[in-house]
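# Residue-level structure breakdown
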Amino acid sequence: MIKSRYFLLASVGLFSFIAGCQPSSTETADATIADTGEQHRLVYHFTPPEQWMNDPNGMVFYDGEYHLFYQHYPDSNVWGPMHWGHAISQDLVHWEHLPIALYPDSLGYIFSGSAVVDHNNTSGLGAEGNSPMIAIFTYHDPPKEGEDPDNYLQTQGIAYSNDRGRSWTKYEGNPVIENSGIKDFRDPKVFWYDPGQNRTAGRWVMILAVADRIHLYESPNLTEWNFLSEFGENSGSHGGVWECPDLFTLTTDSGEERWVLLLSINPGGPNGGSATQYFVGNFDGNTFTNENPEDMSLWLDYGKDNYAGVTWSDVPASDGRRIFLGWMSNWQYGQEVPTYSWRSAMTVPRTLHLVETEAGLRVASRPVEELEVLRTNAVALEAMMLEGNQNISSQLSQPSATLELTVDFDLNEATASEIGLRLSNSQGEELMVGYNLADEQYYVDRSNAGKTDFSTDFPGRYTADRVGDGSMLSMHLFIDVASVELFGDDGTTVMSNVFFPNENFTQVDLFAEGGTVSVTGGQLYNLSEQSVIAAR
Ligand code: FRU
């Protein structure tokens, strides 16, 4: 049986709850930007207005607005009694903070979960003529002071809103699923299952993480739930607790449809700590079956910083996208990163795609097209035979730490051992995003990227096998002050990582080490340096 992380976090949370009542050193009036870590605040990624944030929750599209809720502790910059913070956006890029949506109550903290639009008012919780939004979440009832820190109980609860998510009422019959006797029993993701695509003939299905298994439930009305089946005993990685599952269909360009099951695992990720694995297979309304070998682990993102990600519910069929967002941090060090007035960001929103590769069907992630509105200045990279370093940021009209870059390499006749790009500053700090031709691996190296000493698990060179093949290799990068997201070969290999330079990285060089490589083209963009997050 895997030991739960809440053994540790429960005591941290209790401490921070007490500490949160007193002003910390970061709250003094003369605090400098460096003291608060504001210098590392991302510009176009979602960050909390202040204090602690972890998983994205309850993502749902309703009446022209994308809702983003998130695990939030408003009284401290470390994890503690969980609330659901809330923000909305009309374009997935510009966000407006709204007041906290859900507060802890006598049944416990409000842990991760999902939200749906109850179009047919199956729950009966809709006001006259209104389709209510329903949030489905885990109640975490923590141990009392002095009790065994492992003595907690998790159940599932729901809340509803009849005013477009602006105010929420907890259902009086909570919890809707009692604890089954297993400690880690959480993170419900609910969807409407209707193979006939007829909103009146379907039912609700919930996927829940239970220790290191998945449990599936069904319900006619979101309040009464029946157990359906279990998945996962021998499938995928079991190096940690399973959390934050999701289940949905994706279709390849040639029309092959599969069910994809996302699942976050902590620890046990491919580069250490937290990461998200996925399974490809079938769901028949009762049971999920994995079509790959049981011992195969597939990872959505090989970076150290993409965890607990799930997808938006109720995106209109006319749009058709499966849009994903992850927490851009890692439980190994998320509570120690050198930002004090706020902690952690979300990834850029991404669309998920089922693609045919030589190895089989795989899930690719691509940045949403809406991000293009951030571009303020573009420079086309000319074709060149690259050897050593080539500064490309000098071509921009102004230096910037918020950039987007695409670059295409032709590996035919390449003699270089490693190719890629280097971000650097005048203090000799650097971050490398590269590809090793002999190992056929992408990598991100942040061992000399600024502040790294807050955790021994932070600095390092992290690798990912290349999934794409062929001699044309493409890198698409998003850089935002303290983060880099690499989408290799059209998103078939993804790496998301954060970093904390002592001075912003504004110099960008392409490099080819140990020989040459042909660069066939690319684009470098300045992205807006104006925060896209409206103040609360
Ligand atoms: C994942 C997670 C979830 C849980 C939440 C608590 O990061 O551990 O399983 O619901 O965070 O904040």
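Conventions used here
Residues numbered from 1 in each chain as written. Predicted model: local features only at pLDDT ≥ 70, side-chain atom pairs only at ≥ 80, totals over all residues. Heavy atoms only, no water. Helix = DSSP H or I, 4+ residues; strand = E, 2+ residues; numbered from the N terminus. Rg over C-alpha atoms; globule rule 2.2 N^0.38 Å. Buried < 20%, exposed > 50% of the residue type's maximum accessible area, 1.4 Å probe, protein only. Contact = heavy atoms within 4.5 Å. Areas by Shrake-Rupley, 256 points an atom, 1.4 Å probe, with all protein chains shown as cover. Lys, Arg positive; Asp, Glu negative; His and termini not counted. Charge placed at Lys NZ, Arg CZ, Asp CG, Glu CD. Salt bridge = Lys/Arg side-chain N within 4 Å of Asp/Glu carboxyl O. Pairing = 2+ DSSP bridges. 1 Å grid on protein atoms, 1.4 Å probe; cavity = no way out; pocket = protein on both sides within 12 Å on 5 of 7 lines; lining within 4 Å. Points joined across faces, edges and corners; volume = space filled by probe spheres on them. Nonpolar A, V, L, I, M, F, W, Y, C, P; charged D, E, K, R; others polar. Phe/Tyr/Trp six-rings, centres within 6.5 Å; stacked < 30°, edge-to-face > 60°. Lys NZ or Arg CZ within 6 Å of the ring centre and 35° of its normal. Domains from an automatic or database assignment. Buried area = accessible area lost by both parts, 1.4 Å probe. Polar contact = N/O pair within 3.5 Å; in protein donor to acceptor, adjacent residues only side chain to side chain. Axes fitted to C-alpha atoms, helices over the stretch in contact; angles between N-to-C directions.

## A short note on the overall build of the chain
- From N to C terminus, the chain includes two helices and 34 strands.
- Over its C-alpha trace the chain gives a radius of gyration of 23 Å, about what one expects of a compact globule, namely 24 Å for 536 residues.
- For the chain, the spread of C-alpha atoms along the three principal axes comes to 65 × 60 × 45 Å.
- Counting only residues that meet the buried cut, the chain has 60% of its 536 residues in that class.
- Within the chain, contacts between residues separated by at least 24 positions form 64% of all contacts whose residues are at least 6 apart in sequence.
- Within the structure as shown, the chain displays about 19,900 Å² of accessible surface, and the carbon and sulfur contribution to it stands at 46%.
- The positive charge centre, built from 28 side chains, and the negative charge centre, built from 73, are 3 Å apart in the chain.

## Quick look at the pattern of salt bridges
- Counted by the stated rule, this structure contains 26 salt bridges.
- Between D105 and K170 there is a salt bridge whose closest N-O contact spans 3.0 Å. You can see D105 sitting in the loop between β4 (95-102) and β5 (109-117) and its partner K170 sitting in strand β8 (residues 169-170), a full 65 residues away along the chain.
- With a relative accessible area of 27%, D105 lands in the partly exposed category.
- Between E404 and R375 there is a salt bridge; the shortest N-O distance is 2.8 Å.

## Description of the sheet that holds strand β3 (residues 83-89)
- Strand order in this open sheet of six strands is β20-β1-β2-β3-β4-β34, and the pairing throughout is mixed. Pairing within the sheet leaves two strands with one partner each, and these edge strands are β20 (342-343) and β34 (533-534).
- Looking at chain direction, β4 and β34 are connected through two bridges and run parallel. Bridging from a neighbouring strand, E96 pairs with A534 of β34.

## Notes on the layout of surface pockets
- By volume, the largest pocket is sized at about 1,300 Å³.
- What lines the largest pocket is a set of 46 residues, among which W192, Q197, T249, V315 and R322 lie closest to the centre.
- Elements represented by at least two residues in the lining of the largest pocket include exactly β1 (51-62), β5, β9 (185-193), β13 (241-251), β14 (257-266) and β21 (350-357).
- Considering every element that reaches the lining of the largest pocket, the biggest residue donor is β13, with six residues.
- Tallied by class, residues from the lining of the largest pocket come to 22 nonpolar, twelve polar and twelve charged.

## Considering the packing of aromatic side chains
- The full count for this structure, using the stated rule, is 33 aromatic pairs.
- When the centroid spacing of 4.9 Å and the interplanar angle of 85 degrees are considered together, the rings of F231 and F288 count as edge-to-face. Taken together, the residues F231 in strand β12 (residues 226-231) and F288 in strand β16 (residues 288-290) connect sequence positions 57 residues apart.
- We classify F288 as buried; its relative accessible area is 3%.
- Among the aromatic side chains, those forming a connected cluster through ring pairs are F46, F61, Y66, Y70, W95 and W312.
- A cation over an aromatic ring shows up here: R375 above the ring of Y525, its NZ or CZ 3.9 Å from the ring centre.
- Above the face of the Y435 ring, R466 is positioned so that its terminal group lies 5.8 Å from the ring centre.

## Observations concerning the domain arrangement of the chain
- Each assigned domain of the chain is listed with its residue range as follows: domain 1 (6-367) and domain 2 (375-527).
- Summarising the inter-unit geometry, the C-alpha centres of domain 1 and domain 2 are found 30 Å apart.
- Tallying the contact residues gives 34 residues for domain 1 and 35 residues for domain 2.
- Both sides together, the interface formed by domain 1 and domain 2 hides about 2,800 Å², and carbon and sulfur atoms give 59% of it.
- The largest contributions to the domain 1 side of the interface with domain 2 come from H40, Y44 and Y302, which together make up 20% of the buried area.
- Between the two partners, domain 1 and domain 2, sit three salt bridges.
- Among the ionic pairs, E485 bridges to R350, the shortest N-O distance being 2.7 Å.
- Here domain 1 is connected to domain 2 by 22 residue pairs in polar contact (both at pLDDT 80 or more).

## Structural notes on unusual backbone geometry
- A cis amide bond, omega -5 degrees, links N174 with the succeeding residue P175.
- In this fold, P175 is placed in the loop between β8 and β9.
- Of note, the bond from N266 into P267 is cis; its omega dihedral lies within 30 degrees of zero at -10 degrees.
- One can find P267 in the loop between β14 and β15 (275-283).
- Positive phi, normally seen in glycine, also occurs at S344, with a value near 85 degrees.
- Note that S344 resides in the loop between β20 and β21.
- Look at V481: it is not a glycine, yet its phi comes out positive at around 60 degrees.
- Within the element layout of this structure, V481 appears in the loop between β30 (472-480) and β31 (483-488).

## A few points about the side chain of N77
- Position of N77 relative to the elements: it lies in the loop between β2 (65-73) and β3.
- For N77, a relative accessible area of 17% corresponds to the buried category.
- Setting aside its immediate chain neighbours within four residues, N77 contacts Q51, W52, Y340 and R343.

## Describing the sheet that holds strand β11 (residues 213-219)
- If you trace the four strands from one edge of the open sheet to the other, you get β9-β10-β11-β12, paired in antiparallel fashion. The open sheet is flanked by β9 and β12, the only strands paired with a single partner. Here the strands of the sheet are splayed against their neighbours by 25 degrees on average, with no regard to which way each runs.
- As paired elements, β9 and strand β10 (residues 203-210) share seven bridges and run antiparallel to each other. By the bridge assignment for β10, F191 is matched with V205.

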